[in-house]
Every structure is written in C-alpha cells, then in structure tokens.
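Each chain, letter by letter, is given below.
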Amino acid sequence: MSDSLHNPVSEAAMAHDLIIVGGGLAGGLIALALHRHAPRCRFLLVEAGRTLGGHHRWSWFATDLSPQAQALMAGFALNGWDDGYDITFPAYGRTLPTSYRSLTSAEFHAKLLAELPPERVLLSSKATAIDADGVTLADGTRIAGRRVIDCRPFRPSRHLAGGWQVFLGQHFKCEKPHGLTRPVIMDASVDQVAPYGNSAAYRFVYVLPLSEDEVFIEDTYYADQPKMDAEVLKGRVAAYASANGWKGEVIDQEAGILPVVSGGNFAAALNEIAIPGVAVAGARGGFSHPLTSYTLPFAADNALAIARLLATRPGVSGNELAAFCERRAKRHWRATGYYRLLSRMLFEAAEPDKRVVVFEHFYALRGRLVERFYAGRSTWPDRLRILTGKPPVAIPRAIRALFSSGKPLETKSLNVENPA
C-alpha cells in the first residue's frame, strides 16, 4: 500500500485515545494487541520511516512465549523449525530439541498494514516533540492524544553499564541446496577475533536455513567496544559460506550494535529519558534480555498487558499508563538481575579470547535449563547449576566482577565503519 493511505490528515487535529510513537517491534505489537483486544481504543501508530519494523530479523525459541503471546504472533508469516537447533564449540557440538522461530521486518510490516485500519498508522512522520498531551511532527503538525507511549529505539546511558553485541547478517540465495535442516544458533568454532582489526572478542556465527536454497548467515560478537568494520564482517561471512560450500548471491543484509547491560542505576536511566505523563516501552524502557538482547517475548507480553489495561479500564489516564509501564520495567529489571551478573562475568571476569569457554560451559547443561534461560525464567536450581562445576573464569576476577560498576554505555562511543 502507498504511504498516502496511511496518513490520516483528517484526524490529525482530533484527540486520539493513545498515540504510539515508534513503529518498531514494541510499538507495532502494542498496536496489534489494541486492535484485537481493545477495539474501542482509538490509537495512532506514528513511525518516522517508510515501513514498520525498520530492517531487522527477530528470532526466539517457541518456549519463550506464553500461549497468549503465541496467539498474538500466530498471524505472521514466520520461519519455523521444529527439529531443534545445533550449537558448535571448539570442544564439542550438540543438537538441542527446542523449536525456533524467526520473523523479518518486511513480514512484520506487511502483516500490520494488512490487519490494522489504515487510519491507525502514520508512516514517514518523525516526532520531534512528545508530551503528555500529544506529539509534534517534523513538519509542525500537532497530533493530540489522551495518552502517549514512547517506543523509540534504546538510548545508551551513562547510568547503565555493560558491553555490546555487534552483528552483520547476510541472506544468501545459493546456487544449489545448502543441505541444512536446522538452525545453527551458535557456531563458536570460528576464530575469536573482534568485529574490527585483530583484537579478541567472543565471536560466533548464527545460521538460519530459510528454504532449501536460501540461508541467513550472521557474524556476531560480544565485544567491549561498540565498533564495527562492516567490510571486515562481510568478508568473514563470505569466508564462512565458502567454507561450507555455499555459493550464490547476497539478496539482503542487516547489521547492528546492541547493548548487553550488565548493571547500573536503572531508575536513574529511566529518569534520563522520562517525559512527564508519557509511558515508555520496548528496548528504550529496558524490556530486553540482558545477556542475549532478545526483545520479542517481552514486547509481546507488554503489548498484551497494555491492551488488557486499556480494555478493562478505558478511562485510565496518561499518568497512570506511564506508571503502569514503569512498574513493569522495574519489575523486569529486578527479575533479570541474575542475567546481568552473568554479563559481568562475561565482560569483566573472562579475557576476550577466553569468553568462548563461558558459553561452552553453559551449553553443556541440560536442554530445559537452556530453554528457561533464554525465556528469562531460570529457576534457582538452574542458577546454582550454571555457577557450579569447574569455573570457566578465574575466581579472583569473578569476585571483582560481582562488585564492579562496569563500563558506562554511552551513545558517543558508537562507531560503525563502512556501514552495511
């Protein structure tokens, strides 16, 4: 559909029940959940780009989602694998049984435009000012709203500490069938080099067989610096494809640098981005897995919670919605504290070229424990089991990491050379 069908000029001067700023994963799923579960809520989804979802691929394990969240995602055209997935490390390889799912932003965009009413989506419209009563666009248009929720991208903060997940993925159309039947979630048998130069980082390759002759290959790094030389990573992806005998052409590509939060003052970080009376959701509001950076399970749960709130309490104020989202964010921060501890172990207790041993130790554990870990639902026995046995890091360094404040995640340090 053309953008003109999704620019409700006639409604711009009317007060919407809810304005969702940011049409990425979090904002799009909130819009979908409202449409399905709170149909009387007159919302507007405002996105700066020409498409919803940007240019991404989101993936998750089937066990990450509740039945309600699975129902929310059921209408999307997903890639899915039910025969488990493979992992490979220098010391061993293994197949785990959990089903895996993946969604591209193109499919996300197409589904939302097909299901949401045209007057509920506003594309190519950058919000330059947000307040409790509405949004001002770059062209000066003012859109009034009884409530506003900020779903724009994550903003690094000096109040948060950690490292970075750096990645570049390419979608190959192979000349002949590639022969894969399962995803390779982590092939860490590759050289442990950084995403720039020849220094070290934890590196692995992630591979999704999208069809008989199409494969997605992503080079991923847990690095101390948010730096990437895209040309270097492209070369490494090409080398990995060649080593596996896969010849063909690149038909799509994505790249990114994501925070891996290991600690900090979360309340101060929220205050740094707070706008009085405006709710915050998505990765911007802290709703991600601190170690894996997965966001979709949390985005789906949040979308459903917000839709339930507005369906059962249609008179809830903007301040109350903001407080509701903040409570959920702080509860998520508390619930994921264990994973931030593991992030500190990874970034501060393990030397960059030895971080592979940390993951190698983890993936030797039981499959159900791994499932619960990815879903952010590790039990206390799980947590003890992960930390017992032969330590994958030196004890003195581990103790120091426990009490470290970590390295601040600051926007000014982001650096992408030769961008994809």
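I will try to describe carefully the structure that is included in this document. (Residues numbered from 1 in each chain as written. Predicted model: local features only at pLDDT ≥ 70, side-chain atom pairs only at ≥ 80, totals over all residues. Heavy atoms only, no water.)

## Observations regarding helix H1 (residues 25–37)
Counted at 1.5 Å a residue, the expected span for H1 with its 13 residues is 18 Å, and the 18 Å between its end C-alpha atoms agrees. Counted residue by residue, H1 has 10 buried out of 13 residues, so it is predominantly covered. When H1 is considered as a whole, its buried residues turn out to be Leu 25, Ala 26, Gly 27, Gly 28, Leu 29, Ile 30, Ala 31, Leu 32, Ala 33 and Leu 34. (Helix = DSSP H or I, 4+ residues; strand = E, 2+ residues; numbered from the N terminus. Expected span 1.5 Å × (residues − 1). Buried < 20%, exposed > 50% of the residue type's maximum accessible area, 1.4 Å probe, protein only.)

## Brief notes about the sheet that holds strand S4 (residues 79–81)
Across a sheet, strands are paired by hydrogen bonds formed along the backbone, either parallel or antiparallel in direction. Across the sheet, three strands lie side by side as S3-S7-S4; this open sheet has antiparallel pairing. If you trace the sheet from one side to the other, it starts and ends with strand S3 (57–61) and S4, each paired once. Adjacent strand axes in the sheet meet at a mean angle of 15 degrees, parallel and antiparallel pairs treated alike. One ladder, built from five bridges, connects S3 with strand S7 (residues 100–104); its direction is antiparallel. Paired with Phe 61 across the strands is Tyr 100, a residue of S7. Relative to the sheet, helix H3 (residues 105–115) contacts S3, S4 and S7, its axis offset from that of S7 by approximately 70 degrees. (Pairing = 2+ DSSP bridges. Axes fitted to C-alpha atoms, helices over the stretch in contact; angles between N-to-C directions. Contact = heavy atoms within 4.5 Å.)

## Considerations on the sheet that holds strand S19 (residues 279–280)
Here we have five strands laid out as an open sheet, ordered S8-S2-S1-S12-S19, and parallel in their pairing. Each of the sheet's edge strands pairs with one partner strand only, and the pair in question is strand S8 (121–122) and S19. Examined bridge by bridge, strand S1 (residues 18–21) and strand S12 (residues 148–150) share three bridges and lie parallel to one another. Across the sheet, Ile 19 pairs through a bridge with Val 148, a residue of S12.

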